[in-house]
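Residues per chain, in single letters:
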Amino acid sequence: MDDKQARLQSRLGPEIREFRDAQQTLQLASVDKQGNPCVSYSPFAYSEQGYFILISDLAQHGQNLKVDPRVSLMMIEDESAAKHIFARRRLSFECQAKAVGREQALWQNGVDALRARFGEMIEQLSQLGDFNLYHLLPQKGRYVKGFGQAFDVSGQEMLDIVHLREGHVKQLKQQLSESS
């Protein structure tokens, strides 16, 4: 890793972790068995093992995850806190959702992580037969912190960072020169 990349990593890594940890919910995009998209949200917990959500089979996204484990998630800055509505900070990932059986040790770890964030409500929900725990495993992601400040994230903690330098202006200039 060169010096510039190391500086970027040391500056943005903690910022991304702080942003992630400040969020309580994530937007969740899934698809049904016909391939139709569905967007929803879920409270989540993050631990050293990854992201965990506890959702009901009665919810459309709960049904979708049973037939297709591909999911996209996004955490996004509140509109009222954003400097500009078109440039809200956000962290998104393409993931695989793995159902965690109640008999697995990972079940207790995920429920414990959720309980630490959301209290006794998790204890009640986790006892209901229609609620399932999913472990979301990020494949690749992106952190956007403003105009011209988009970064691909990857690696073990999804915090290896690459600054995307292709900007909107360059693309517009290229399109104009191609059309003339």
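Residues numbered from 1 in each chain as written. Predicted model: local features only at pLDDT ≥ 70, side-chain atom pairs only at ≥ 80, totals over all residues. Heavy atoms only, no water.

Novice: How would you sum up the environment of Asn36? Please name residues and give values.
Specialist: Mapped onto the fold, Asn36 is located in the loop between β1 (25-31) and β2 (37-43). Note: C-alpha distance between Asn36 and Asn64 (28 residues apart in sequence) is 9.6 Å. Each residue touching Asn36, except ones within four places of it in the same chain, is listed here: Ser30 and Val31. (Helix = DSSP H or I, 4+ residues; strand = E, 2+ residues; numbered from the N terminus. Contact = heavy atoms within 4.5 Å.)

Novice: Account for helix α2 (residues 60-67), with residues named and values stated.
Specialist: Inspection of α2 places His61, Gly62, Asn64 and Leu65 among the buried residues, and these make up the whole buried set. For α2, the buried positions fall inside an angular range of 160 degrees around the axis, keeping them on one side. Where α2 is buried, its residues touch β1, β2, β4 (50-56), β5 (70-76), β6 (90-100) and β7 (131-144). (Buried < 20%, exposed > 50% of the residue type's maximum accessible area, 1.4 Å probe, protein only. Arc of directions from axis to C-beta.)

Novice: Explain the confidence of the model for the protein chain to me, and be specific about the residues and the numbers.
Specialist: On average, residues of the protein chain score 87 in pLDDT, and 83% of them are at 70 or above. Confidence, expressed as mean pLDDT per element, reaches its minimum in the protein chain at helix α5 (residues 168-179) with 56 and its maximum at β1 with 97. (pLDDT = per-residue confidence, 0-100.)

Novice: Account for the packing of aromatic side chains, with residues named and values stated.
Specialist: Aromatic rings considered in pairs are described by the distance between their centres and by the relative angle of their planes. On inspection of all chains with the given rule, the structure shows four aromatic pairs. Residues Tyr46 and Tyr51 carry aromatic rings whose centres are separated by 4.8 Å and whose planes lie at 65 degrees to one another, so their mutual orientation is edge-to-face. Taking relative accessible area as the criterion, Tyr46 reaches 23% and is therefore assigned partly exposed. Judged by its relative accessible area of 3%, Tyr51 falls in the buried class. A centroid spacing of 5.9 Å and a plane angle of 50 degrees characterise the contact between Tyr51 and Phe93, whose relative ring orientation is tilted. Pair noted here: Tyr51 is in strand β4 and Phe93 is in strand β6, with a separation of 42 residues, a long-range link. (Phe/Tyr/Trp six-rings, centres within 6.5 Å; stacked < 30°, edge-to-face > 60°.)

Novice: I'd like a rundown of the environment of Val153, residues and numbers included.
Specialist: Within the fold, Val153 resides in strand β8 (residues 150-154). The sequence separation of Val153 and Gly141 amounts to twelve residues, and the corresponding C-alpha distance is 5.0 Å.

Novice: Give a detailed account of the pairing of β6, specifying residues and quantitative values.
Specialist: In the sheet, β5 pairs with β6 via seven bridges, with the strands oriented antiparallel. Following the sheet pairing, Met75 is matched in β6 by Leu91. Here eleven bridges tie β6 to β7, and the two strands are oriented antiparallel to one another. Bridging from a neighbouring strand, Val100 pairs with Leu133 of β7. (Pairing = 2+ DSSP bridges.)

Novice: Go over the nonpolar core, please, and point to the residues and values.
Specialist: Of all hydrophobic cores here, the largest spans 23 residues; its most connected members are Ile53, Met75, Leu91 and Leu136. Where this core is concerned, the elements lending two or more residues are α1 (3-22), β1, β4, β5, β6, β7 and β8. When residues no more than four places from it in sequence are discounted, the contact partners of Met75 are Phe19, Arg20, Gln23, Thr25, Leu26, Phe44, Tyr51, Arg89, Arg90, Leu91 and Phe93. By size, the runner-up hydrophobic cluster in this structure holds eleven residues, among which are Ala45, Val100, Val111 and Leu133. (Core = buried A, V, L, I, M, F, W, Y, C linked by side-chain atoms within 4.5 Å.)

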